[in-house]
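For reference, the chains in residue letters:
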Amino acid sequence: MTARPLNIVPFVSVENMMRLVNAIGVERFLTELAGVVEEDFRRWPAFDKTPRLASHSIDGVIELMPTSDGVTYGFKYVNGHPKNMREGRQTVTAFGLLADVGTGYPELLAEMTILTALRTAATSAVAAKHLARADARSMAIVGNGAQSEFQALAFKALLGVDRLRLWDIDPWASEKCARNLSRYGLDVTVASGVEAAVEGVDIVTTVTADKQRATILTDNLVGAGQHINAVGGDCRGKTELHRDILLRSDIFVEYPPQTRIEGEIQQLAADHPVTELWRVIAGEVPGRRSRDRITLFDSVGFATEDFSALRYVRSKLAGGDFHQDLDLLADPDEPRDLLGMVHRAAKT
Ligand code: NAD
């Protein structure tokens, strides 16, 4: 981007985000984004971290997710309303912002509904790269809604997963998912049930939406050596896996203080051992300990991943036309003359 007045903030709308994703290509976008997510996990101690601030209601949750690396500050606004889908609305919508820590001035505002799906999938694939068996090529996706195809494409791009089994209680969702994925050269099967979907696959992704303790997977469905990418349970009182699965898995999490509240591990004792994913990525501790271990990425989505996603998008804006200038910030020539600026505007 060329030098811009400080009061003007680049804004990436939904339309421009879609143009950017199409210009880069979904798989390349996911691969490059995963690189930035991984880079930021590697410098984990540099980040200011806090569990996200959640405002719960009967129908859903609205959350704020802030973080900072000391140079740049970022936050995301995101909701989770499972009933929205039945009313023709998205379950998850989001937007986010980056700001300069030195001045506090915003530097980027962006839609993040699409970007969240991309960053969630990229993070899942980064985790699986470190946790799944190296020869993992097949995956079941349980829950075939908005997030599902992004998960499939991230696992294809980063791990070479080429065989998919889909299962959703709503056949329309599986058909939609299979249709959207048909152009990517994947071997996609719509399964007859959850058991048929997960039996014998290397990786199981659960990405369902329900505002309750659900049991999407029971213990008998999970076999030795599988990697479970549990994405849908991401809120207090909202889980997908039977507790017994957790008890025989090696569990990896983003930020324990948040995951203890929101993840599958809310079903376990507060001191149940878990491993922070960043330590595996940084090479401090091992990920998969043997071919037969069950590894579980208890994904809830953490603020640094959104920060990485916004950082990646910002890096792609230079010289392009993927943003609009937003007059977001009142910045009078004389800082203390805010009302004077308002008066002068009346004369023009
Ligand atoms: P969505 O509403 O578009 O799709 C959810 C799908 O799950 C629907 O098609 C529904 O029919 C299906 N489903 C519900 N119960 C099921 C069951 N028992 N078995 C099989 N399928 C079932 O939602 P989405 O946007 O795809 O999000 C899915 C979930 O992922 C949500 O719970 C959301 O909060 C969560 N999420 C997590 C992260 C993260 O970082 N961990 C990020 C984004 C979304």
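Below or above, wherever it landed, is the structure these notes cover. (Residues numbered from 1 in each chain as written. Predicted model: local features only at pLDDT ≥ 70, side-chain atom pairs only at ≥ 80, totals over all residues. Heavy atoms only, no water.)

1. Some details on the overall build of the protein
- For the protein, the helix and strand inventory stands at 11 helices and 17 strands.
- Here the C-alpha coordinates of the protein stretch approximately 75 × 45 × 40 Å along the principal axes.
- Across the 348 residues that make up the protein, the buried fraction comes to 51%.
- Nonlocal contacts in the protein, meaning residues at least 24 apart in sequence, comprise 72% of its contacts between residues at least 6 apart.
- Accessible surface, the protein as shown: approximately 15400 Å² in total, 52% of it carbon and sulfur.
- Both charge centroids of the protein, one from 39 positive and one from 47 negative side chains, sit 1 Å from each other. (Helix = DSSP H or I, 4+ residues; strand = E, 2+ residues; numbered from the N terminus. Buried < 20%, exposed > 50% of the residue type's maximum accessible area, 1.4 Å probe, protein only. Contact = heavy atoms within 4.5 Å. Areas by Shrake-Rupley, 256 points an atom, 1.4 Å probe, with all protein chains shown as cover. Lys, Arg positive; Asp, Glu negative; His and termini not counted. Charge placed at Lys NZ, Arg CZ, Asp CG, Glu CD.)

2. Quick notes on the packing of aromatic side chains
- With the rule as written, the count across this model stands at eight aromatic pairs.
- Between Phe-41 and Trp-44, the ring centres sit 5.5 Å apart and the planes meet at 15 degrees, which makes this aromatic pair stacked.
- Classification of Phe-41 by relative accessible area gives buried; the value is 2%.
- Given the relative accessible area of 3%, Trp-44 is considered buried.
- With centroids separated by 6.5 Å and ring planes inclined at 15 degrees, the aromatic side chains of Trp-44 and Trp-278 adopt a geometry described as stacked. Of this pair, Trp-44 sits in the loop between α2 (26-42) and β2 (53-56) while Trp-278 sits in helix α9 (residues 277-281), placing them 234 residues apart in sequence. The residues Trp-44 and Trp-278 share a single accessibility class, namely buried. (Phe/Tyr/Trp six-rings, centres within 6.5 Å; stacked < 30°, edge-to-face > 60°.)

3. Examining the side chain of Thr-259
- Relative to the helices and strands, Thr-259 resides in helix α8 (residues 256-262).
- Each residue touching Thr-259, except ones within four places of it in the same chain, is listed here: Val-253, Glu-254, Ile-265, Gln-266, Asp-298 and Val-300.

4. Looking at the sheet that holds strand β15 (residues 275-276)
- Overall, parallel pairing links the eight strands, which are arranged β9-β8-β7-β10-β12-β16-β14-β15 in an open sheet. Of all strands in the sheet, those with a lone pairing partner are β9 (187-190) and β15, marking the two edges.
- The pairing of strand β7 (residues 138-142) with strand β10 (residues 203-206) spans four bridges and is parallel. Paired with Val-142 across the two strands is Thr-206, which belongs to β10.
- Most of the contacts of helix α3 (residues 113-131) go to strand β16 (residues 294-298), to which it runs at about 155 degrees, and overall it touches β12 (227-230), β14 (249-253) and β16.
- With respect to the sheet, helix α4 (residues 148-159) is in contact with β7, β8 (163-167), β10 and β12, its orientation differing from that of β7 by roughly 165 degrees. (Pairing = 2+ DSSP bridges. Axes fitted to C-alpha atoms, helices over the stretch in contact; angles between N-to-C directions.)

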